[in-house]
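# Structural overview for review
One-letter residues, chain by chain:
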Amino acid sequence: MHFFVDLQNVGKGYETRERGDPLMETIQHCPECGATWDEGQTCQDHFHQMLFWENEYSGYGEVHHLTVLCYQLQHPGLYSPEGLRAAMHLLDDFLEHGVTTEDVRTHLRSALDSGQRTWKVKGTPASHGAYNPPIQWTMTAANVIATGADNYCDSVRTWARSTYETLKASGNLSL
Ligand SMILES: [Zn+2]
């Protein structure tokens, strides 16, 4: 789906993080979503684990759109400001209006093909999405991984609902 940020580059900003001496390692928090990086496992690592499960288990791809949206909404710097707004809108469409990925694909294809979109989806260091006020998420990528591969699809749906409700409660949901 062209709308989403190129997955190859998702969370790339974290790769330069110095892990340092394990004995000296202090507790690290994700600068974007605030989750604790236990045992050096970053949010990006969790995201890659999710994508692996989606490839590995039949039917798991059905929640892929929610996985990508939630991950990116909780790491808003991956988006441009316009991209972040569009992503919130998309989550609202999926959860509140029964919009399907097929609907989105059709709609976006026509929008993209006609060249109507004049803004970039992806954030840059100079221009990227952010929340004001900052958001304390009740569920992050780490929680989805913690519930295990067997519960993956349900966990992602719960994560999507939780992400939506948290956005709404924080006053950041702009549609
Ligand atoms: Zn994070």
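What you see is a predicted model; the values in this text were computed from it and never measured. (Residues numbered from 1 in each chain as written. Predicted model: local features only at pLDDT ≥ 70, side-chain atom pairs only at ≥ 80, totals over all residues.)

## Observations concerning the confidence of the model for the protein
One rule of thumb: low pLDDT means the predicted coordinates there are not for detailed reading. Note the threshold: The quantity called pLDDT is the predictor's confidence in a given residue, expressed from 0 to 100. Helix and strand assignments follow DSSP, with helices taken as H or I runs no shorter than four residues and strands as E runs no shorter than two, numbered in order from the N terminus. Our contact criterion uses C-beta atoms placed from the backbone: two residues qualify when those atoms are within 7 Å.
With 81% of its residues at a pLDDT of 70 or more, the protein shows a mean pLDDT of 86. Here helix 4 (residues 101-113) stands out as the least confident element of the protein, with mean pLDDT 76; helix 6 (residues 152-169) is the most confident, with 98. Below pLDDT 50 for its whole length, residues 6-17 participates in 10 contacts with residues either more than four positions away or in separate chains.

## What about the packing of helix 3 (residues 81-96) against helix 6?
We apply this condition: Axes here refer to lines fitted to C-alpha atoms; in helices the fit is confined to the stretch in contact. Angles between the N-to-C directions go from 0 to 180 degrees. What sets the label is the angle itself: under 35 degrees gives roughly parallel, over 145 gives roughly antiparallel, 65 to 115 gives roughly perpendicular, and the rest give oblique. If you view the pair so one helix is near and one far, a crossing is left-handed when the near helix is turned anticlockwise from the far one by less than a right angle, and right-handed when it is turned clockwise. Residues are grouped as follows: Ala, Val, Leu, Ile, Met, Phe, Trp, Tyr, Cys and Pro are nonpolar; Asp, Glu, Lys and Arg are charged; every other residue, Gly included, is polar.
Running from N to C, helix 3 and helix 6 cross one another at 125°; their axes reach a closest spacing of 11 Å. In terms of orientation, helix 3 and helix 6 fall into the oblique class. In this structure, the crossing between helix 3 and helix 6 has a hand that is left-handed. Contacts from M88, L91 and L95 of helix 3 reach helix 6 at A160, R161, T163, Y164 and L167. Looking at the contact of helix 3 with helix 6 residue by residue, the class counts come to six nonpolar, one polar and one charged.

## Points about helix 3
Counted only if it meets this: Each residue after the first adds 1.5 Å to the expected span of a helix. Whether a residue is buried, exposed or partly exposed follows from its count of other C-beta atoms within 10 Å of its own C-beta, namely 20 or more, 12 or fewer, or something in between, respectively; the C-beta atoms are built from the backbone. Working note: the arc is built from the helix axis to C-beta atom directions.
Counted at 1.5 Å a residue, the expected span for helix 3 with its 16 residues is 22 Å, and the 22 Å between its end C-alpha atoms agrees. Inspection of helix 3 places G83, L84, A87, M88 and L91 among the buried residues, and these make up the whole buried set. Summarising the axial view, the buried residues of helix 3 lie within an arc of 140°, below the 170-degree limit, and thus occupy one face. As for helix 3, its buried residues are in contact with helix 2 (64-73) and helix 6. Looking one or two residues beyond helix 3, the residue adopting positive phi is G98, at roughly 60°.

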